[in-house]
Amino acid sequence: MGVQSREWMILIATTWVQAFTGTNFDFSSYSSTLKSVLGISQVQLNYLSVASDMGKAFGWCSGVFLMYFPPWAVMFMAAFFGLFGYGVQWLVIKEVITLPYFLVFLLCLVAGCSICWFNTVCYVLCIRNFPTNRALALSLSISFNGVSAALYTLIANAINPDDDTLYLFLNAFVPLFASSLAFIPILRQPALQLLSTDAISRDSFIFIVLNVLAVITGLYLLLLNSLSSEALRARILLVGASILLLLPLCLPGIVCGRNWAHRTIHSSFCFDSSTFSLVNPDDLDLHKELIESDQNISLSVSPFFVTNKEGLFGKVMEKGRLTVLGEEHSARLLVRQWDFWLYYMTYFCGGTIGLVYSNNLGQIAQSLGYHSQISTVVTLYSSFSFFGRLLSAAPDFLRDKVYFARTGWLAVALLPTPIAFFLLAASGSEAALRAATAMIALSSGFVFSAAVSITSELFGPNSASVNHNILITNIPIGSLLYGLLAALVYDSNVRIAPQENSLDEAMVCMGRDCYLQTFICWGCISLVGLISSFLLFLRTGPAYDEDYERNRSRAQLSYTTKRV
């Protein structure tokens, strides 16, 4: 198999790993049962969710391990973390063993580490093997993490639709199975090779094919998952989903066939004036050109970003602003950047709050009287999170037609979140719940996927494995604060109006008041994230514009040289 074919096999392998390792997204599917078995309050249940997210606080360890160990070794470390963390929790929820609450908390922490380590391995593989198509490879790979809950719901329904404890069993063993499938492609990782302009253009076609297949997979899971309530139908749908996930294996054959056709008949045709490329072929020389550009190139900046440096606002917007993209930032330099903290606040008040919403989705649906719809709503969140992640590739697909800084797209993507929370505060209908869930999932999915590319662009691709894990330390903090707020409001309403319909020893709150104040607070917090993202866009926009103008000038020069 050729070098390029092996690169595509690695990308396919990362999509498999991502598709089956988003195990935190199905927490809502079994959280009510876990709460009942342990006999804990909503606040204590929230702490278990926080423990899972706290695993991300140790994600930087995976970046350090990847400096000394091959990716496949770190991947299997993550798989065994998950096997232990979720496997023992499954024994607890099946009441095979009894553990104190503190040990269950530690198990959730270990399981959370496994998710973050899997993600880091996939990020590094995409960045290393697709340096010129980095954003496209990342968005495609990360997007499949969004379908995990839908896939796990399908598998659980195919085995036993009435057993919520199956999710923990699947969370323990399925990621290990997916890692075993991905082992051979990752082990045979090719050495980095510089690609020609024509090769990059041909790669663009394959990325289009992969994204089309991804959209079909997402629509399949979204539209047909509601039919999986019966075991037989769920098994049939699972076979279809498996075929869609395996279909990209045809890519190596397509690559070899296109390479053969290119070598055999390319000389008979001329493509100079019709080459279609989604990426810039000169990205491999980015750092060298950035240094030279400061000395030799004077570029114009869009008038939109010309800010008045007089006055307080102008000084704030200019102080410590990033002037070029792609410069490597060490961890020490990173935390001194104003742009990083704006970025941190954007993620903290934007993407993270969507994740906390998904963790509480089971209790939210139950409190509104839609307990039978929990699996459907979780699948809806999973599917729209998947589409949001796919949409994060929009800046790269539209680069030549409608150029917009990636941080600007991030600000646009955060707009639906406050609207969704205020909609939930205004109405407790099933339609409002579904619409708000879809909007929050779409927005947070975009943030989760785009953030990896933004981190590598703003603070350097080679430092992304460590820097991005520093960024996502906001997730356990947000999970604790936002989740604690929701749990306190929930439990206070249980005490005010105790319900007779409790699940075993755990008190259940019913009615809109259980989350009304929470939705209002979350909506206001997400507005802070939207404002932060807009300020980040204003500060980093000039750097993106300069990078775009520089690349366009170099591309025109390259094209002129080729024609001459």
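If you're wondering where the values come from, they're calculated on a predicted model, not measured in any experiment.

Some details on the overall build of the chain
Reasoning step 1: Along the chain, the regular secondary structure elements total 26 helices and 0 strands.
Reasoning step 2: A total of 564 residues make up the chain; the buried ones form 57% of that total.
Reasoning step 3: By sequence separation, contacts in the chain at least 24 residues apart represent 85% of the contacts at least 6 residues apart.
Reasoning step 4: As displayed, the chain offers around 22900 Å² of accessible surface, 66% of which is attributable to carbon and sulfur atoms.

Concerning a nonpolar patch on the surface
Reasoning step 1: A contiguous nonpolar surface patch, about 650 Å² in accessible area, is contributed by Phe 58, Trp 60, Val 64, Met 67, Tyr 68 and Phe 69.
Reasoning step 2: With respect to the secondary-structure elements, Phe 58 resides in the loop between helix 3 (42-54) and helix 4 (59-65).

Details of the state of the cysteines
Reasoning step 1: In the structure shown here, the tally under the stated rule is 1 disulfide.
Reasoning step 2: The disulfide partner of Cys 509 is Cys 514, and the gap between their sulfur atoms is 1.9 Å. With the S-S dihedral at roughly -90°, the linkage between Cys 509 and Cys 514 falls on the left-handed side.

Some details on the packing of aromatic side chains
Reasoning step 1: With the rule as written, the count across this model stands at 27 aromatic pairs.
Reasoning step 2: Relative to Phe 130, the ring of Trp 8 lies with its centre 5.2 Å away and its plane at 55°, an arrangement referred to as tilted. Highlighted residues: Trp 8 in helix 1 (residues 3-19) and Phe 130 in the loop between helix 6 (101-129) and helix 7 (134-143), separated in sequence by 122 residues.
Reasoning step 3: Between Trp 90 and Phe 169, the ring centres sit 5.1 Å apart and the planes meet at 55°, which makes this aromatic pair tilted. One end of the pair, Trp 90, is in helix 5 (residues 71-93); the other, Phe 169, is in helix 9 (residues 166-187), with 79 residues separating them in the sequence.
Reasoning step 4: Judged by its relative accessible area of 25%, Trp 90 falls in the partly exposed class.
Reasoning step 5: Residue classification places Phe 169 among the partly exposed residues on the basis of a relative accessible area of 30%.
Reasoning step 6: Put simply, the rings of Tyr 357, Phe 421, Tyr 490, Tyr 515, Phe 519 and Trp 522 pair up and form one aromatic cluster.

Quick notes on the packing of helix 6 against helix 7
Packed helices, taken two at a time, are described by the angle their axes make and the gap between the axes.
Reasoning step 1: Contact geometry of helix 6 with helix 7 gives a least axis separation of 8 Å together with a crossing angle of 150°. By the angle between their axes, helix 6 is roughly antiparallel relative to helix 7. Crossing of helix 6 against helix 7: the hand is right-handed. Contacts between helix 6 and helix 7 pair Cys 122, Tyr 123, Cys 126 and Ile 127 from the former with Arg 134, Ala 137, Leu 138, Ser 141 and Ile 142 from the latter.
Reasoning step 2: Residue classes in the contact of helix 6 with helix 7 are distributed as 7 nonpolar, 1 polar and 1 charged.

Remarks on the confidence of the model for the chain
Reasoning step 1: Scored by pLDDT, the chain has a mean of 79; 78% of the residues are at 70 or more.
Reasoning step 2: Scored below 50 in pLDDT, residues 499-505 makes 12 contacts in the model with residues more than four places away or belonging to other chains.

A word on the environment of Glu 546
Reasoning step 1: Mapping Glu 546 onto the fold places it in helix 26 (residues 516-563).
Reasoning step 2: Note: C-alpha distance between Glu 546 and Thr 323 (223 residues apart in sequence) is 8.6 Å.

Examining unusual backbone geometry
Reasoning step 1: A positive phi angle, close to 60°, is found at Glu 95, a residue other than glycine.
Reasoning step 2: Note that Glu 95 resides in the loop between helix 5 and helix 6.
Reasoning step 3: The exposure class assigned to Glu 95 is exposed, which follows from its relative accessible area of 62%.

Overview of helix 7
Along an α-helix, a turn takes 3.6 residues, which lines up residues three or four apart on a common side.
Reasoning step 1: The buried count for helix 7 comes to 10 of 10 residues, which makes it a mostly enclosed element.
Reasoning step 2: For helix 7, every residue scored as buried is listed here: Arg 134, Ala 135, Leu 136, Ala 137, Leu 138, Ser 139, Leu 140, Ser 141, Ile 142 and Ser 143.

Here's the deal with the side chain of Thr 346
Reasoning step 1: Note that Thr 346 resides in helix 16 (residues 338-349).
Reasoning step 2: Given the relative accessible area of 1%, Thr 346 is considered buried.

A closer look at the nonpolar core
Reasoning step 1: The biggest cluster of nonpolar side chains holds 68 residues, and the ones touching the most others in it are Tyr 343, Tyr 347, Tyr 357, Phe 421, Leu 433, Phe 519 and Trp 522.
Reasoning step 2: In this view, Tyr 343 contacts Leu 410, Ala 451, Ile 454, Thr 455, Phe 459, Leu 471 and Leu 536; residues no more than four positions away in its chain are not counted.
Reasoning step 3: Counting residues in each nonpolar core, the second largest holds 61 residues, with Leu 11, Cys 108, Cys 126 and Leu 151 among its members.

Let's talk about the pattern of salt bridges
Reasoning step 1: Enumeration according to the criterion identifies 5 salt bridges in this entry.
Reasoning step 2: The partner of Asp 163 in a salt bridge is Lys 94, and the shortest N-O contact between them spans 3.8 Å. Of this pair, Asp 163 sits in the loop between helix 8 (148-159) and helix 9 while Lys 94 sits in the loop between helix 5 and helix 6, and the two are 69 residues apart along the sequence.
Reasoning step 3: Judged by its relative accessible area of 37%, Lys 94 falls in the partly exposed class.
Reasoning step 4: As a salt-bridge pair, Asp 339 and Arg 539 come within 2.6 Å of each other at their nearest N and O atoms. Pair noted here: Asp 339 is in helix 16 and Arg 539 is in helix 26, with a separation of 200 residues, a long-range link.
Reasoning step 5: A relative accessible area of 2% means that Arg 539 is categorised as buried.

A few points about the side chain of Arg 389
Reasoning step 1: Mapped onto the elements of the fold, Arg 389 is located in helix 19 (residues 374-391).
Reasoning step 2: Owing to a relative accessible area of 2%, Arg 389 belongs among the buried residues under this scheme.
Reasoning step 3: Other than its neighbours up to four places away in sequence, Arg 389 contacts Phe 25, Ser 139, Ile 142, Ser 143, Asn 145, Gly 146, Gly 445, Phe 446, Phe 448 and Ser 449.

Some words on the environment of Asn 171
Reasoning step 1: Within the secondary structure, Asn 171 sits in helix 9.
Reasoning step 2: Sequence-wise, Asn 171 and Gly 22 are 149 residues apart; in three dimensions their C-alpha atoms are separated by 8.9 Å.
Reasoning step 3: Not counting residues up to four positions away in its chain, the partners in contact with Asn 171 are Thr 23, Asp 26, Tyr 30, Tyr 86 and Tyr 152.

Concerning the packing of helix 5 against helix 9
Reasoning step 1: Viewed as axis vectors pointing N to C, helix 5 and helix 9 meet at an angle of 165°, and their least axial separation amounts to 7 Å. In terms of orientation, helix 5 and helix 9 fall into the roughly antiparallel class. Where helix 5 crosses over helix 9, the handedness of that crossing is left-handed.
Reasoning step 2: Across the contact of helix 5 with helix 9, the residue classes break down as 19 nonpolar, 6 polar and no charged.

Reading the values: the criteria
Residues numbered from 1 in each chain as written. Predicted model: local features only at pLDDT ≥ 70, side-chain atom pairs only at ≥ 80, totals over all residues. Heavy atoms only, no water. Helix = DSSP H or I, 4+ residues; strand = E, 2+ residues; numbered from the N terminus. Buried < 20%, exposed > 50% of the residue type's maximum accessible area, 1.4 Å probe, protein only. Contact = heavy atoms within 4.5 Å. Areas by Shrake-Rupley, 256 points an atom, 1.4 Å probe, with all protein chains shown as cover. Patch = residues over 30% accessible without salt bridge, like charges linked within 9 Å, V, L, I, M, F, W, Y side chains within 5 Å. Salt bridge = Lys/Arg side-chain N within 4 Å of Asp/Glu carboxyl O. Disulfide = S-S within 2.5 Å. Phe/Tyr/Trp six-rings, centres within 6.5 Å; stacked < 30°, edge-to-face > 60°. Axes fitted to C-alpha atoms, helices over the stretch in contact; angles between N-to-C directions. Parallel < 35°, antiparallel > 145°, perpendicular 65-115°, else oblique. Left-handed = near helix turned anticlockwise from the far one by under 90°. Nonpolar A, V, L, I, M, F, W, Y, C, P; charged D, E, K, R; others polar. pLDDT = per-residue confidence, 0-100. Core = buried A, V, L, I, M, F, W, Y, C linked by side-chain atoms within 4.5 Å.

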